[in-house]
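Chain residues, written in single-letter form:
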Amino acid sequence: MNMKFNKYLVLILGASLFLTACGDDSGDEGATEESSESDGASLETNIVTIATGGSSGPYNIIATTLAEGYSKEFDVNSRTQTTGASAENLNLMKDEKAEMAFVMSDALVQAVNGEETFEEPIENVQQIGALYPNYVQLISTQDAGIESVEDLKGKRVAVGDQNSGVEIATRAVLEAHDMSYDDIEVDYLGYAEASEAMRSGQLDAAFLTSGLPNASVMELQNSVDLKIVPIEAEAVEVLSEDADYFEALEIPADTYGNEEAVPTVAIMNALVVRSDLSEDDVYNLTKYLFENLEGLTNAHQAANDINVETAEESSVIELHPGAQKYYDEQ
């Protein structure tokens, strides 16, 4: 009996030693994998807050995907902050409450020059690159009888959040038609609020500036007989005389159920960063952006227009040295 027991004991001990050895090999493998994951690029900053715009706009949709990627790639706290867009974003940068921001090029130029709504120059902002065109979309309904910008006179019009990039563009478009806020009834409404007001009959028209398509406009077209009002090339020529970031483009047919392309003006969006971020950090943030464009395009098709060549060539202010280093390598 004792001999049988001893045999069983030997077998059990042998099996235990074998399993322990296997376990040790597995542990070494896991340690190797973990150390290889930590070999990737890291950032000096622990936080990358990206100021965007309204929750339904392309800024926020694209930036959310970018922030998720930054968090995973660099093990940092990266998140988006919904805002009134360009002007507010640039002021957040000035106050060091955001590290990056999506803004329109016209607002960016005004900010660094201390013009229009910016009382003094914002000096701690540099550009990562130009992104994609923001189309000025003047929407109305078929029943409102608005066929041109001039027809807005006396109408109730949403012009975007106060001091936003939308409002800056709206003022410019009106001025190009020898008009001002004195000619219309102004409502400071963002995308979603403007769409809801138009749906309920409280608004005649609204200006929006975004990549195509805009989610709020797409939703609106399901409940009203939507009209996209053209902004003709003559007005774009007037706008371009003082600012070369204005460009004549078309809202393609079928974007919002429109049978034909609609002429309008577009302004390039810009991705900006605080200038106090290190060259290495901004290099890595820039590199990740361009190496992961497919994911951004899956989030919103406007990102399909982002490319390295345009990003550098269409920038309107000084590039951050980290971004410039990335472009120089291409």
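As the structure is a prediction and not an experimental result, all values here were calculated from the model.

A. Expanded view of the pattern of salt bridges. According to the stated counting rule, one finds seven salt bridges in the structure shown. Arg199 serves as the salt-bridge partner of Glu196, at 2.6 Å between the closest nitrogen and oxygen. With a gap of three residues between them, Glu196 and Arg199 both fall in helix α6 (residues 191-199), about one helical turn apart. Exposure remark for Glu196: the relative accessible area of 42% places this residue in the partly exposed category. Among the residues examined, Arg199 registers a relative accessible area of 29% and is labelled partly exposed. If you follow the salt bridges from partner to partner, you end up with Glu99, Arg274 and Asp276 in one network.

B. Geometry of the confidence of the model for the chain. Taken as a whole, the chain shows an average pLDDT of 88; of its residues, 88% reach a score of 70 or greater. pLDDT under 50 marks residues 1-39. Its contacts with residues more than four places away, or in other chains, come to zero contacts.

C. Focus on the nonpolar core. By size, the foremost hydrophobic cluster in this structure holds 88 residues, and its most contacted members are Ile50, Tyr70, Met100, Ile139, Leu152 and Phe290. When residues no more than four places from it in sequence are discounted, the contact partners of Phe290 are Ile306, Asn307, Val308, Ala311, Tyr326 and Tyr327. Membership of the second largest hydrophobic core comes to 18 residues, among which are Ala107, Ala111, Ile122 and Ala270.

Rules used in this analysis
Numbers given to residues run from 1 along each chain, matching the order in which its sequence is written. pLDDT decides what is reported in this predicted model: residues at 70 or higher carry local features, side-chain atom pairs at 80 or more are listed and counted, and totals for whole chains, interfaces and linings draw on all residues regardless. Each side-chain value is worked out from all heavy atoms of the structure, with water and hydrogens disregarded. We define a salt bridge as a contact between a side-chain nitrogen of Lys or Arg and a carboxyl oxygen of Asp or Glu at a distance within 4 Å. Each helix is a run of DSSP H or I of at least 4 residues and each strand a run of E of at least 2, with the numbering of both proceeding from the N terminus. For each residue, the accessible area found with a 1.4 Å probe, counting protein chains only, is set against the maximum for its type, and the residue is called buried under 20%, exposed over 50%, and partly exposed in between. A residue's pLDDT is the confidence the predictor assigns to it, expressed on a 0 to 100 scale. Every residue pair with non-hydrogen atoms within 4.5 Å of one another is taken to be in contact. Only buried residues count toward a nonpolar core, which is a set of Ala, Val, Leu, Ile, Met, Phe, Trp, Tyr and Cys residues joined through side-chain atoms within 4.5 Å.

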